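# Tertiary structure, described
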2 protein chains.
Amino acid sequence: MSLEHAILGWLTTGPGTGYDLARQLDQGLGWFWTAPHSQIYPRLKDMEARGLITSTSEPVGAKSAKRTYEITPDGRKAIREWTETPPTYPPNRDGERLRLIFGDHGNLAALRTHFETHRQHYQERRDSLSRFLHEVSSRQQPRIARRAANAPDEAHQELVIALREIAYRGDVHRAENEIMWAEDCLRWLDAFEVRHGLAEHGSGTGE
Amino acid sequence: MSLEHAILGWLTTGPGTGYDLARQLDQGLGWFWTAPHSQIYPRLKDMEARGLITSTSEPVGAKSAKRTYEITPDGRKAIREWTETPPTYPPNRDGERLRLIFGDHGNLAALRTHFETHRQHYQERRDSLSRFLHEVSSRQQPRIARRAANAPDEAHQELVIALREIAYRGDVHRAENEIMWAEDCLRWLDAFEVRHGLAEHGSGTGE
DNA sequence: CCGACCATGTAATATGTTACATGATTGT
DNA sequence: ACAATCATGTAACATATTACATGGTCGG
């Protein structure tokens, strides 16, 4: 039930609407969780019913309203207890790897495309993450900067920023690792084609 | 719907029962997908109804039966087409990272445990993967060895093993990357504690 | 007035997890 | 006899995805 923890955690950086949350989750990267608004709104209601968050409703036009949520002391306690328990690791599910190991009938062009897609995906991911990491470090992410500014002392301020840097940097490393792997695979494929006299493609490993 | 592709792919290495499949998926690593038997049996029935697989039933005792499934030409076509389309990447969901970035209230002991748990998890994962990789390379994995042996020529035989080696080696690298990250984090935490005069713990970064 | 974006909701469907339930076989 | 393992199923519940549906505000 980590959607709930993502919501609680986000609300520790300040109040906000379901829409604000959805925007940060499913579009614009910078996040370790995603959810569409269809999951968010019902969950917010449920969490309010359980006292983890409260909301104030502001009328908009004649029939509509905008609801701003805020975390409660109970909610703070819940997110704190959750973060203080060691991480658990869900079972691995990796469609890319399944595609790879069962793609052994000999379509080498498809394999090449596979590795190139992989490389490109993680190049884009790395670039987005690097940009976001830079925004965190330079306090351009308003919610994170605010949370840091509200911290009780210098050590806490540093911690708020440092943990996010550590997290995003870890994901940058992951992306770089995937890029290297994809490039190793492409080199292996080149060699395989040469070895078996199948090298009919025009370009080498380069873009 | 990758459970279906995992099933089809597995059946390309030979016929088997739902139980055999479940064993390889949810216990014993060596897999890029998992599912409990409660998901497998209904899915097998559904796939048989759609003509992707067929089964033969062997009576066991008076009231029970054991059902062995086999892939059909339609099933082969489906898995082949699927593997030949480029990989797609599901949205990222990472509870560990959520725990980390929202664990910024200053419980450094919890952070230490977090990083140590992370390191240990990936050390175990790396070791299991390495063992499995070795079993693949040395043809000790019977289903994979059989699939390689049945391949039409030397190039195909090599491909069956090589793709699996590539896949598992990629996951070994991932695990090693996580271990390095966790160790970086522990060193950062040591320095943080020293810098803020909070170094009251007994041991250093070492185990 | 129209399109982009703000804002909230429901419904249908698919997928994943945990628990309950039953029976056979094999070795101790 | 009993435990472990083989073997198959259902039910209840939680979570995730996609689509449908509505209304407001603001700028051009």
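Structure's up top.
The text that follows walks through the structure, step by step, so that each part is easy to find.

Conventions adopted
Residues numbered from 1 in each chain as written. Chains lettered and ligands numbered in written order. Predicted model: local features only at pLDDT ≥ 70, side-chain atom pairs only at ≥ 80, totals over all residues. Heavy atoms only, no water. 1 Å grid on protein atoms, 1.4 Å probe; cavity = no way out; pocket = protein on both sides within 12 Å on 5 of 7 lines; lining within 4 Å. Points joined across faces, edges and corners; volume = space filled by probe spheres on them. Helix = DSSP H or I, 4+ residues; strand = E, 2+ residues; numbered from the N terminus. Nonpolar A, V, L, I, M, F, W, Y, C, P; charged D, E, K, R; others polar. Phe/Tyr/Trp six-rings, centres within 6.5 Å; stacked < 30°, edge-to-face > 60°. Buried < 20%, exposed > 50% of the residue type's maximum accessible area, 1.4 Å probe, protein only. Lys NZ or Arg CZ within 6 Å of the ring centre and 35° of its normal.

## Brief notes about empty space enclosed by the protein
In this structure the tally under the stated criterion is two cavities of 30 Å³ or more. In this structure, the largest cavity occupies an estimated 50 Å³ of space. As for the largest cavity, its lining consists of A:Thr83, A:Glu84, B:Arg99, B:Leu100, B:Gly103, B:His105, B:Asn107, B:Ala110, B:Leu111 and B:His114. Here the lining of the largest cavity gets three residues from one element, more than from any other, and that element is helix 6 (residues 108-137) of chain B. Here the lining of the largest cavity is composed, by residue class, of three nonpolar, five polar and two charged. There is about 50 Å³ of room inside the second largest cavity. Mapped by element, the contributors of at least two residues to the lining of the second largest cavity are helix 6 (108-137) of chain A together with helix 4 (73-84) of chain B.

## Some remarks on the packing of aromatic side chains
In this structure the tally under the stated criterion is eleven aromatic pairs over all chains. With a centroid separation of 5.7 Å and an interplanar angle of 80°, the aromatic rings of A:Tyr122 and B:Tyr89 are classed as edge-to-face. Of this pair, A:Tyr122 sits in helix 6 while B:Tyr89 sits in the loop between helix 4 and helix 5 (95-101), which puts the two residues in different chains. Its relative accessible area of 15% is what places A:Tyr122 among the buried residues. Ring geometry for B:Phe132 against B:Tyr168: centres 4.9 Å apart, planes inclined by 55°, an arrangement best described as tilted. One end of the pair, B:Phe132, is in helix 6; the other, B:Tyr168, is in helix 8 (residues 154-195), with 36 residues separating them in the sequence. For the pair B:Phe132 and B:Tyr168, a shared accessibility class is recorded, and that class is buried. Aromatic ring contacts, followed pair by pair, group A:Phe32, A:Phe132 and A:Tyr168 into a single cluster. The aromatic ring of A:Trp181 is capped on one face by A:Arg97, whose charged end is 4.4 Å from the ring centroid.

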